[in-house]
Amino acid sequence: MYGNDFIDPDEPLNAAEFGDVDDAVAAAATTAAQRAEGGSSFEALLAADQRIEPRDEMPEAYRKTLIRQIAQHAHSEIIGMQPEGNWISRAPSLRRKAILMAKVQDEAGHGLYLYAAAETLGVDRAELLDLLHSGKQKYSSIFNYPTLTWADNGAIGWLVDGAAIMNQVPLCRCSYGPYARAMIRVCKEESFHQRQGFEILWTLSRGTAAQKDMAQDAANRWWWPALMMFGPPDTGDAATTGGHTAQSMAWGIKRFSNDDLRQKFVDMTVPQAAKLGLTLPDPDLRFNEETGHWDFGAIDWSELWRVLKGDGACNAERIERRVGAHHEGAWVREAANAYAARHDLGQQQEYVA
Ligand code: FAQ
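Residues numbered from 1 in each chain as written. Predicted model: local features only at pLDDT ≥ 70, side-chain atom pairs only at ≥ 80, totals over all residues. Heavy atoms only, no water.

**Student:** Which residues make up the overall build of the chain, and what values do they have?
**Tutor:** Across its full length, the chain holds 14 helices and 2 strands. The C-alpha atoms of the chain give 21 Å as radius of gyration, which agrees with the globular expectation for 353 residues (20 Å, within 12%). Summarising its shape, the C-alpha atoms of the chain cover approximately 75 × 50 × 40 Å along the three principal directions. Counting every position in the chain, which comprises 353 residues, the buried fraction comes to 48%. Pairs at least 24 apart in sequence give 78% of the contacts found in the chain among residues at least 6 apart. (Helix = DSSP H or I, 4+ residues; strand = E, 2+ residues; numbered from the N terminus. Rg over C-alpha atoms; globule rule 2.2 N^0.38 Å. Buried < 20%, exposed > 50% of the residue type's maximum accessible area, 1.4 Å probe, protein only. Contact = heavy atoms within 4.5 Å.)

What follows is the structure, given as C-alpha cells:
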C-alpha cells in the first residue's frame with residue numbers, strides 16, 4: 001500500500017491510528033443503547049455522556065455554537081481543496097496525480113458530510129455558503145498560505161492533515177451525534193492523507209540535494225501555521241479572552257483545549273521530522289525530561305489574527321475562486337433541483353394512483 005513502505009506499518013503515524021476512533025465507535029454504540037435509561041433532557045444526556053440528536057431539545061447557544069464550528073469546519077474542507085488543487089495539473093507523475101486528485105475529492109466529500117451535519121441543526125447549506133462568500137463566517141487560517149512547490153503538497157499532508165486529525169479524533173466523541181458520526185469517516189480518510197504527505201516528503205528528502213532543499217523549505221514555511229491551526233492559546237496565563245473552549249468543553253463539543261492538542265501534535269511530529277531528516281524551524285524545540293513533552297518556542301499570534309482579518313497571502317484569491325466556482329456551478333444546482341422536483345412529483349402521482 002502506498003505510504004506504508006517507509007516505516008514499520010504497525011507503528012502509528014497519526015492520531016487516527018492509535019485506536020481512539022475505534023474506541024469512539026464502540027462507545028457511541030454502548031451509550032446509544034443506554035440512552036433510554038438515564039432520561040433524555042439535555043442535561044441528563046450530557047451528564048451521562050450520551051449523544052444529543054437533532055430532535056432532542058437543546059439550548060439555543062449550544063445549537064449556535066455547533067452551527068458556527070461545523071460551518072467553519074465545512075468551509076475549511078472546501079476552501080482547503082484549492083491549495084492542493086493548484087498542483088493537480090503539475091504533479092510529477094501519473095501516480096502522484098491520481099493520488100492527489102483522490103485526496104482533493106475526499107476533501108469535497110468531507111465538506112458535504114459536514115454541511116449535511118450542520119443542516120440537522122436547522123440551517124440551510126445555501127445560507128452557510130452565503131455567509132462564507134460574504135466573509136461573515138470563517139474558514140481555517142491555514143488555507144490562506146500559498147503552495148509554492150510540489151513539496152508543499154507533502155507538507156500539507158504531513159503537517160496540515162496531521163494537525164487536522166489530532167484536532168478531529170476527539171470530535172468523534174463530540175456530544176452532538178451527527179457531527180461525531182461525520183468525524184469518524186473523516187478521520188479515517190485524513191489518516192490516509194497524512195501518510196501520503198509523509199511519503200511525498202520521505203521520497204524528496206531521499207532525492208537530490210535540490211529535492212531535499214525543497215522538502216526542507218516546505219517544512220519551514222508550514223510548521224508555524226500548522227501550530228496556529230489549533231486556535232489561540234486557551235489555558236493558563238496566556239489564554240485569550242473571549243474564547244469558546246471552556247463553554248464548548250462543558251458541553252462536550254470540544255474534549256481537549258487547543259493548547260493540549262497542539263502539544264500532542266508537537267510530541268508526535270518532532271520524531272517524524274527526525275525520521276524524514278528534516279529540521280523543524282524552531283531553535284527552542286527540546287525534549288523536557290521532567291514533563292515528558294517537547295517544549296517549543298513562542299508562537300507569533302499576531303500572524304494568526306492578521307490572517308483571520310483577511311490579510312494572509314491568499315485570502316482574497318481563495319474567496320474569489322470559491323465565489324466564481326459557486327456561480328459557475330449554478331446550472332448544476334438548478335438541474336439537480338429540477339430533477340428532484342420532477343422525481344418527487346412522479347412519486348406523488350404513483351402514491352395517488
Ligand atoms: N482558523 O475559542 P477558539 C482541515 C477562531 S480542516 C480560523 O479556540 P473554537 C482538513 C475561532 O473560530 C481544518 N479561525 O474557537 C483539510 C474563534 O472565532 P469566532 C479546520 C480560528 O471554535 C486538510 C476564535 O478564533 N478544522 O484542515 C482558528 O472553540 C488539508 C477563538 O478561537 C476544523 O474546523 C483557525 N485556525 O476552537 C482540508 C475543526 N482557530 O468564531 C484540506 C473543527 C481559532 O469567535 C486539505 N473546529 N479560530 O469569531 C474546531 O475544532 C474549533 O473550531 C477550533 C477553534 C479548534 C478550530
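**Student:** So, the side chain of Arg318: which residues are in play, and what are the values?
**Tutor:** Checked against the element boundaries, Arg318 lands in helix α13 (residues 315-328). Of the polar contacts made by the side chain of Arg318, one reaches the backbone oxygen of Phe143; its length is 2.6 Å. Residues contacting Arg318, with those up to four places away along its chain left out, are Ile79, Gln82, Pro83, Tyr139, Phe143, Asn144, Tyr145 and Pro146. (Polar contact = N/O pair within 3.5 Å; in protein donor to acceptor, adjacent residues only side chain to side chain.)

**Student:** Now, about the site of the ligand: what can you tell me, with residues and values included?
**Tutor:** Looking at the ligand, there are 33 residues lining it, with Lys138, Ser141, His244, Lys254 and Asn258 nearest. Within the side chain of His244, one N or O atom sits 2.6 Å away from an oxygen atom of the ligand. In isolation the ligand offers 1100 Å² of accessible surface; the protein chains occlude 91% of this area. Where the shell around the ligand is concerned, the elements lending two or more residues are α3 (60-79), α5 (94-119), α7 (151-168) and α8 (177-204). Among the elements that make up the shell around the ligand, the one with the highest residue count is α3 (6 residues). Here the residues of the shell around the ligand sort into 11 nonpolar, 13 polar and 9 charged. (Near = heavy atom within 4 Å. Areas by Shrake-Rupley, 256 points an atom, 1.4 Å probe, with all protein chains shown as cover. Nonpolar A, V, L, I, M, F, W, Y, C, P; charged D, E, K, R; others polar.)

**Student:** I'd like a rundown of the side chain of Ser191, residues and numbers included.
**Tutor:** Tracing the backbone shows Ser191 in helix α8. If near-sequence neighbours (up to four positions away) are discounted, Ser191 is found in contact with Asn14, Ala16, Glu17 and Ile165.

**Student:** Tell me about the pattern of salt bridges, and name the residues and values.
**Tutor:** Overall, the coordinates contain 18 salt bridges when judged by the stated rule. In this structure, Glu199 engages Arg96 in a salt bridge whose closest nitrogen and oxygen atoms are separated by 2.8 Å. Within this pair, whereas Glu199 is found in helix α8, its partner Arg96 is found in helix α5, the two being separated by 103 residues in sequence. Residue Arg185 is joined to Glu189 by a salt bridge in which the shortest nitrogen-to-oxygen separation is 3.4 Å. You can see Arg185 and its partner Glu189 sitting in helix α8, 4 residues apart, about one turn around the helix. Residues joined by salt bridges that share partners form a network here, namely Glu84, Lys103, Glu107 and Asp161. (Salt bridge = Lys/Arg side-chain N within 4 Å of Asp/Glu carboxyl O.)

**Student:** Could you give me a rundown of the nonpolar core, with the residues and numbers involved?
**Tutor:** Inside soluble globular proteins, nonpolar side chains tend to come together where they are buried. Residues Trp158 and Tyr176 are the most contacted members of the largest nonpolar core, which totals 85 residues. With 10 residues, α8 is the single largest residue contributor to this core. What Trp158 contacts, discounting residues up to four positions off in sequence, is Gln194, Gly197, Phe198, Leu201, Ala219, Thr269, Gln272, Ala273, Leu276, Leu278 and Leu280. (Core = buried A, V, L, I, M, F, W, Y, C linked by side-chain atoms within 4.5 Å.)

**Student:** With reference to specific residues and values, describe the state of the cysteines.
**Tutor:** Per the counting criterion, the structure on display carries 0 disulfides. Of the cysteine sulfurs around Cys174, a residue in no disulfide, the closest is that of Cys172, at 9.7 Å. Of all cysteine sulfurs in the structure, the one in Cys172 sits closest to Cys187, which takes part in no disulfide; the separation is 3.9 Å. (Disulfide = S-S within 2.5 Å.)

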